[in-house]
Amino acid sequence: MRRSVIKTIGMIMIVIMIIVVASGIIIKNSQKKVKSDQYKIGFLVDTLIVERWQRESKEFEKAIGELGAISVIKNANGSVDLQIAQINELIKEQVDVLVIIPCDSKKLSRSIQKAKRHGIKVIAYDRLIEQANVDIYITFNSYEIGRQMAEHLLEDTPQGNYLIFNGAKQDYNSTLLHEGIQSGLKRAIDNEDVKLIGSFWVEDWIPENIIIYFNALIQEGIIPDVIIAANDRIAEEAIQILSEYQLTSLVKVVGQDADLVACQYIIDGSQYFTIYKPVDNLAKEAAIRALGLAKAEKLNIGDKISDGKYDIPYIALETFVVTKDNMKEIIIDSGFHKKEDVYRNVVEN
């Protein structure tokens, strides 16, 4: 009798153990299912050499995580072939949405169309992808930034020699920026108040590519009064070349992106102004829109822009001119850069 009771208890314990183990497996599998049901968003970056792309990839990853989705960050190192391979890789991984900073605005359309055939939504981030019919293009208005730069410069320097360092030709934003600058300067050029002494396209956005051209100009005695650079890294290179000839104080140099070095240069007088683009907001907006696309929510975007073949939904965030006078208000108070970093090389008055 006693043996029978013990045997029965043993059987009950075994059953309990089986139930516990089975429950653990069910819970584990359930957790896996929940995890696999999370939306997966690919964020493809042109290159992480650029300060703003480093910042924005981190901000995007953080925003996606806070929204409960998964981000996959890919760095193409400036290679369009690698970026195409990365798109194909993420198609195989069956991501829900691709957010792309294109290496080349013209060479990704087939890859984008392939992604869309697989049911993957696509956002062009900051740079337009031509003839690709992406679901959303989210950026800052490069044409208006160009006008903003030109018009603000003309308020201070209405006459003189102007030199433009454009971005890379394969980046459509470079074209838009250039057109905006030309539009802003047109009247002054037509009136012969401003002379455009050069308009140089910087291959692959590599700042060092201006060295030979700019040195040759200076050595010929052609000194600009104003340099409009397509971004702050190119402006930085121009300032370094000017410093070698002790010309920094004679030339107003401007750029865009509000890189830390540019902000430091503005404070010490080496750079006149930069264009601040609230990139953290752009990354957050892209994350929100990407998750909305993944959930098949309505876009509710009124503005559209042509990509050369299709009219696509278009979101453009506001930009701001940053000078020494409003550095604290726009850059420091917003938390974009720390005060101790911006004023590191000078004593604030």
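Heads up: the structure comes first, above all this text.
Predicted model, so just to flag it, every value in this text is computed and none were measured.

Student: I'd like a description of the overall build of the protein, backed by residues and values.
Tutor: Within the protein, the regular secondary structure consists of 12 helices and 13 strands. Burial analysis of the protein (349 residues in total) assigns 48% to the buried set. Here the contacts in the protein between residues at least 6 apart in sequence split such that 72% fall between residues at least 24 apart. Accessible surface, the protein as shown: approximately 17,800 Å² in total, 50% of it carbon and sulfur.

Student: Provide a residue-level description of the sheet that holds strand E3 (residues 97–100), including the pertinent values.
Tutor: Reading across the sheet, the seven strands line up as E2-E1-E3-E4-E5-E12-E11 and stay open at both edges, with mixed pairing between neighbours. Each edge of the open sheet is held by one strand with a lone partner, namely strand E2 (70–75) and strand E11 (304–306). Each strand axis lies, on average, 25 degrees off the axis of its neighbour in the sheet, ignoring direction. In this structure, strand E1 (residues 40–45) lies alongside E2, joined through six bridges in parallel fashion. Opposite Lys40, over in E2, you have Ile70 as the bridge partner.

Student: If you had to explain the sheet that holds strand E9 (residues 252–256) to someone new, which residues and values would you point to?
Tutor: Picture the strands of a sheet paired through backbone hydrogen bonds; they go either parallel or antiparallel. In space, the six strands of this open sheet follow the order E7-E6-E8-E9-E10-E13, with mixed pairing throughout. Since the sheet does not close on itself, it has two edges, and those belong to strand E7 (194–201) and strand E13 (320–322), each with one partner. Across the sheet, the mean angle from the axis of one strand to that of its neighbour is 20 degrees, orientation sign disregarded. As paired elements, strand E6 (residues 160–166) and strand E8 (residues 226–229) share four bridges and run parallel to each other. Residue Tyr162 lies in a different strand from E8, and its bridge partner there is Val226. Those strands touched by helix H7 (residues 211–219) are E6, E7 and E8, and its axis lies near 165 degrees from that of E6.

Student: Would you mind going over the nonpolar core in detail, with residue names and values included?
Tutor: Ranked by size, the top nonpolar core spans 83 residues in total, and within it Tyr125, Phe214 and Ile331 carry the most contacts. Here this core gets nine residues from one element, more than from any other, and that element is helix H10 (residues 279–294). Apart from the residues within four sequence positions on either side, Ile331 is in contact with Ala258, Cys263, Tyr276, Val322, Asn326, Phe336 and His337.

Student: A description of the layout of surface pockets should follow, citing residues and the corresponding values.
Tutor: Summary: where empty space remains is shown by rolling a probe the size of a single water molecule over the atoms. If you add up the space inside the largest pocket, you get close to 330 Å³. Around the largest pocket, the lining is made up of 21 residues, and of these Asp46, Thr47, Gly78, Asp204 and Ile206 lie nearest the centre. Of the residues contributing to the lining of the largest pocket, the split by class is nine nonpolar, four polar and eight charged. Of the volumes computed, that of the second largest pocket is approximately 150 Å³. What lines the second largest pocket is Arg147, Glu151, Leu154, Pro158, Ser183, Gly184, Arg187, Ala188, Asn191 and Asp193. At the level of secondary structure, the elements contributing two or more residues to the lining of the second largest pocket comprise helix H5 (142–156) and helix H6 (172–190). Ranked by residues supplied to the lining of the second largest pocket, first place goes to H6 with four residues. In terms of residue class, the lining of the second largest pocket is built from three nonpolar, three polar and four charged.

Student: I'd like to hear about the packing of aromatic side chains, residue by residue, with values.
Tutor: Here the structure, examined in full by the defined rule, presents 10 aromatic pairs. Ring geometry for Tyr137 against Tyr314: centres 5.5 Å apart, planes inclined by 25 degrees, an arrangement best described as stacked. With Tyr137 in strand E5 (residues 136–140) and Tyr314 in strand E12 (residues 311–317), the pair connects residues that are 177 residues apart, well separated along the chain. Residue Tyr314 is classed as buried on the basis of its relative accessible area, which comes to 12%. Here the aromatic cluster, defined as three or more aromatic residues joined through ring pairs, consists of Phe165, Phe200, Tyr213 and Phe214. The ring of Tyr272 is capped by Lys252, whose NZ or CZ atom sits 5.6 Å from the centre of that ring.

How each quantity is defined
Residues numbered from 1 in each chain as written. Predicted model: local features only at pLDDT ≥ 70, side-chain atom pairs only at ≥ 80, totals over all residues. Heavy atoms only, no water. Helix = DSSP H or I, 4+ residues; strand = E, 2+ residues; numbered from the N terminus. Buried < 20%, exposed > 50% of the residue type's maximum accessible area, 1.4 Å probe, protein only. Contact = heavy atoms within 4.5 Å. Areas by Shrake-Rupley, 256 points an atom, 1.4 Å probe, with all protein chains shown as cover. Pairing = 2+ DSSP bridges. Axes fitted to C-alpha atoms, helices over the stretch in contact; angles between N-to-C directions. Core = buried A, V, L, I, M, F, W, Y, C linked by side-chain atoms within 4.5 Å. 1 Å grid on protein atoms, 1.4 Å probe; cavity = no way out; pocket = protein on both sides within 12 Å on 5 of 7 lines; lining within 4 Å. Points joined across faces, edges and corners; volume = space filled by probe spheres on them. Nonpolar A, V, L, I, M, F, W, Y, C, P; charged D, E, K, R; others polar. Phe/Tyr/Trp six-rings, centres within 6.5 Å; stacked < 30°, edge-to-face > 60°. Lys NZ or Arg CZ within 6 Å of the ring centre and 35° of its normal.

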